[in-house]
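Listed here are the chains, written in short residue letters.
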Amino acid sequence: MSGPPDRPRIAGRLYGRRRTGRPARLTAVGTGVAALVATLAVAGLDRLAFGGIGILFGAGYLLVCFQLAVRVRYADLLAAPISGPIAFAAALLLFGPVTSTGVTAQLVALATNLATRSGWLFTGTGLAAAIVLARFVAQRRIHRAR
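Residues numbered from 1 in each chain as written. Predicted model: local features only at pLDDT ≥ 70, side-chain atom pairs only at ≥ 80, totals over all residues. Heavy atoms only, no water.

Caption draft 1: Broad picture of the overall build of the chain. If you tally the helices and strands in the chain, you get 5 helices and 2 strands. N-terminal to C-terminal, the α/β element order of the chain is β-β-α-α-α-α-α. Counting across all 146 residues of the chain, residues that qualify as buried make up 27%. For the chain, the share of sequence-separated contacts (at least 6 apart) that also reach a separation of at least 24 residues comes to 72%. (Helix = DSSP H or I, 4+ residues; strand = E, 2+ residues; numbered from the N terminus. Buried < 20%, exposed > 50% of the residue type's maximum accessible area, 1.4 Å probe, protein only. Contact = heavy atoms within 4.5 Å.)

Structure, rendered in structure tokens:
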């Protein structure tokens, strides 16, 4: 036994309490990393499966924004609506169609892709902002009731 003798080893317990089914909360950095990884994965999957970025990417982005807004810590609520659009732009930059080479062509292609997919971008960002706002208001009401 490598641990101290006064600390019992109890499987499935944390500080004397059994863990509940609640999901782990994400920090601001964790939210940004999760948004980037998940959005890039969905964009890559859409590109592999269908040869470009389309509806699968948009629906995946909505799911990512929902999960980020639900799982972010209360102290880091503003990270959810901010990290989603950054990940969306990064996915378009990496997986979006580009017709010519060069930095200017990349920027023009990014702007075009953001403009043509703005519905998905605004819907996902709005969804995350609405959930974050609802969580903030609910938490403030609970805090005031105490």
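Caption draft 2: A look at the packing of helix α1 (residues 28-50) against helix α3 (residues 79-95). Between α1 and α3, the shortest axis-to-axis distance is 8 Å and the interhelical angle comes to 35 degrees. Crossing of α1 against α3: the hand is right-handed. Across from A28, T31, G32, A35, L36, T39, L40, A43, G44 and R47 in α1, the residues of α3 making contact are A79, A80, S83, A87, F88, A90, A91, L94 and F95. A per-class count over the contact of α1 with α3 returns 13 nonpolar, 5 polar and 1 charged. (Axes fitted to C-alpha atoms, helices over the stretch in contact; angles between N-to-C directions. Left-handed = near helix turned anticlockwise from the far one by under 90°. Nonpolar A, V, L, I, M, F, W, Y, C, P; charged D, E, K, R; others polar.)

Caption draft 3: How the structure looks around the packing of α1 against helix α2 (residues 55-71). In contact at an axis separation of 9 Å, α1 and α2 are set at 160 degrees when each is read in the N-to-C sense. When the axis of α1 is compared with that of α2, the two are roughly antiparallel. Crossing hand, α1 versus α2: right-handed. Side by side, α1 and α2 meet where T31, A34, A35, A38, T39, V42, A43, L45, D46 and F50 of the first sit next to I55, L56, F57, G60, Y61, V64 and L68 of the second. (Parallel < 35°, antiparallel > 145°, perpendicular 65-115°, else oblique.)

Caption draft 4: Representation of helix α5 (residues 118-145) within the structure. Taking 1.5 Å per residue as the helical rise, α5 with its 28 residues ought to reach 40 Å, and the 40 Å between its terminal C-alpha atoms agrees with that figure. Among the residues making up α5, those that are buried are L121, G124, T125, A128, I131 and V132. Here the buried face of α5 lies against α2, α3 and α4 (103-116). (Expected span 1.5 Å × (residues − 1).)

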